[in-house]
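The residues making up each chain are set out below.
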Amino acid sequence: MAEVEAAPVPREPVPPRVVEYDPITGVPAEFNEYLPKDCEEYKKWKAAQEAALTGEGVEKLTVKEKPEEEKKLPGGKKSKKSKPQVLVSVAQRQKNKSTTTVAGLELFGVKLSEAGKLFGKKFACGASVVKTASGTEQIEMQGDFLHQIPELLLKNYKNITKEDVFYVDMADGKKKKNFFADDEEEEEDS
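Residues numbered from 1 in each chain as written. Predicted model: local features only at pLDDT ≥ 70, side-chain atom pairs only at ≥ 80, totals over all residues. Heavy atoms only, no water.

Undergrad: Can you break down the overall build of the protein residue by residue, with the values?
TA: Scanning the protein for helices and strands turns up four helices and six strands. Overall, the protein shows an N-to-C arrangement of helices and strands of α-β-β-α-β-β-α-β-β-α. Looking at the protein alone, contacts between residues at least 24 apart form 39% of all its contacts between residues at least 6 apart. Of the roughly 15400 Å² of accessible surface on the protein, a fraction of 52% belongs to carbon and sulfur atoms. (Helix = DSSP H or I, 4+ residues; strand = E, 2+ residues; numbered from the N terminus. Contact = heavy atoms within 4.5 Å. Areas by Shrake-Rupley, 256 points an atom, 1.4 Å probe, with all protein chains shown as cover.)

Undergrad: Before we move on, can you summarise the packing of aromatic side chains with the specific residues and values?
TA: The geometry of an aromatic ring pair comes down to the distance between the two centres and the angle between the two planes. Within the structure shown, the criterion is met by three aromatic pairs. Through a chain of ring-to-ring contacts, the aromatic side chains of Phe 119, Phe 123 and Phe 145 assemble into a single cluster. (Phe/Tyr/Trp six-rings, centres within 6.5 Å; stacked < 30°, edge-to-face > 60°.)

Undergrad: I'd like a description of the environment of Gly 120, backed by residues and values.
TA: Turning to its location among the elements, Gly 120 is positioned in helix α2 (residues 112–123). Taking the C-alpha atoms as reference, Gly 120 lies 9.9 Å from Glu 140; in sequence the two are 20 residues apart. Setting aside residues up to four positions removed in sequence, Gly 120 forms contacts with Cys 125 and Ala 127.

Undergrad: Tell me what's going on with the nonpolar core, and back it up with residues and numbers.
TA: Residues Val 102, Leu 105, Phe 119 and Met 141 are the most contacted members of the largest nonpolar core, which totals 25 residues. Take this core: its biggest share by element is four residues, from α2. With residues up to four places along the chain from it excluded, the contact list for Phe 119 reads Val 102, Leu 105, Ala 124, Cys 125, Ile 139, Met 141, Leu 152 and Leu 153. (Core = buried A, V, L, I, M, F, W, Y, C linked by side-chain atoms within 4.5 Å. Buried < 20%, exposed > 50% of the residue type's maximum accessible area, 1.4 Å probe, protein only.)

Undergrad: Could you give an account of the side chain of Ser 89, naming the residues involved and the relevant values?
TA: Summarising the element assignment, Ser 89 is placed in strand β1 (residues 86–92). Residue classification places Ser 89 among the buried positions, given a relative accessible area of 15%. Here the side chain of Ser 89 touches Thr 101 through a polar contact of 2.6 Å, side chain to side chain. Excluding residues that lie within four positions of it along the chain, Ser 89 makes contacts with Thr 99, Thr 100, Thr 101 and Val 168. (Polar contact = N/O pair within 3.5 Å; in protein donor to acceptor, adjacent residues only side chain to side chain.)

Undergrad: Account for the environment of Cys 125, naming residues and giving values.
TA: On the secondary structure map, Cys 125 appears in the loop between α2 and β3 (127–131). On the basis of relative accessible area, Cys 125 is assigned to the buried category, the value being 17%. It is 5.9 Å that separates the C-alpha atoms of Cys 125 and Gln 142, two residues lying 17 residues apart in sequence. With near-sequence residues (within four places) excluded, Cys 125 lies in contact with Phe 119, Gly 120, Met 141, Gln 142 and Phe 145.

Undergrad: Break down unusual backbone geometry for me, citing the residues and quoting the values.
TA: Despite not being glycine, Lys 95 has its phi angle at roughly 50°, a positive value. Positionally, Lys 95 belongs in the loop between β1 and β2 (98–103).

Undergrad: Report on the packing of α2 against helix α3 (residues 149–156), specifying residues and quantitative values.
TA: The interhelical angle for the contact between α2 and α3, taken along N-to-C directions, is 125°, at an axis separation of 12 Å. Taken together, the axis directions place α2 and α3 in an arrangement best described as oblique. Judged by the twist between their axes, the crossing of α2 over α3 is right-handed. Residues Leu 118, Phe 119, Lys 122 and Phe 123 of α2 pack against Ile 149, Leu 152, Leu 153 and Asn 156 of α3. Class assignment of the residues belonging to the contact of α2 with α3 gives a composition of six nonpolar, one polar and one charged. (Axes fitted to C-alpha atoms, helices over the stretch in contact; angles between N-to-C directions. Parallel < 35°, antiparallel > 145°, perpendicular 65-115°, else oblique. Left-handed = near helix turned anticlockwise from the far one by under 90°. Nonpolar A, V, L, I, M, F, W, Y, C, P; charged D, E, K, R; others polar.)

This is the structure we're talking about:
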């Protein structure tokens, strides 16, 4: 017996679906009611729905934003916006070992990984980027380089000035001091 082969029936290509997006929210109209209730798009869409029921125009609708309030310190004082600064500190480990940390470089647009490599090569030490408990990142180096780092920072990074470099004095009970303050006083005396 001879088998009869059926010829494949050519199928017409299925046209893609046209999805209309809501002009207010930017999602398909059937998804608007599932948006998070606290997002701006949902609030605008909901206000437009209510406006359509009352007959108002969509152009008049706006979402009111609360003005940013200044943070107040205890006692009603307003907090000052601090300018960015580089903080260099040295911590003693065991016996004669110490580590130098440099914090605040990212505020000046310095890539910490590149700066860490520069410090490691310049001082022939181990340098790495470390995350602190507060979530910021700083460079930690093996050794005491408190007096060499500020000059290297000023030489290699033009956007860092003498007024931006501070160090922590462990002898004065962790008091922050400007590194170049002594140089300025000596220049004024002469």
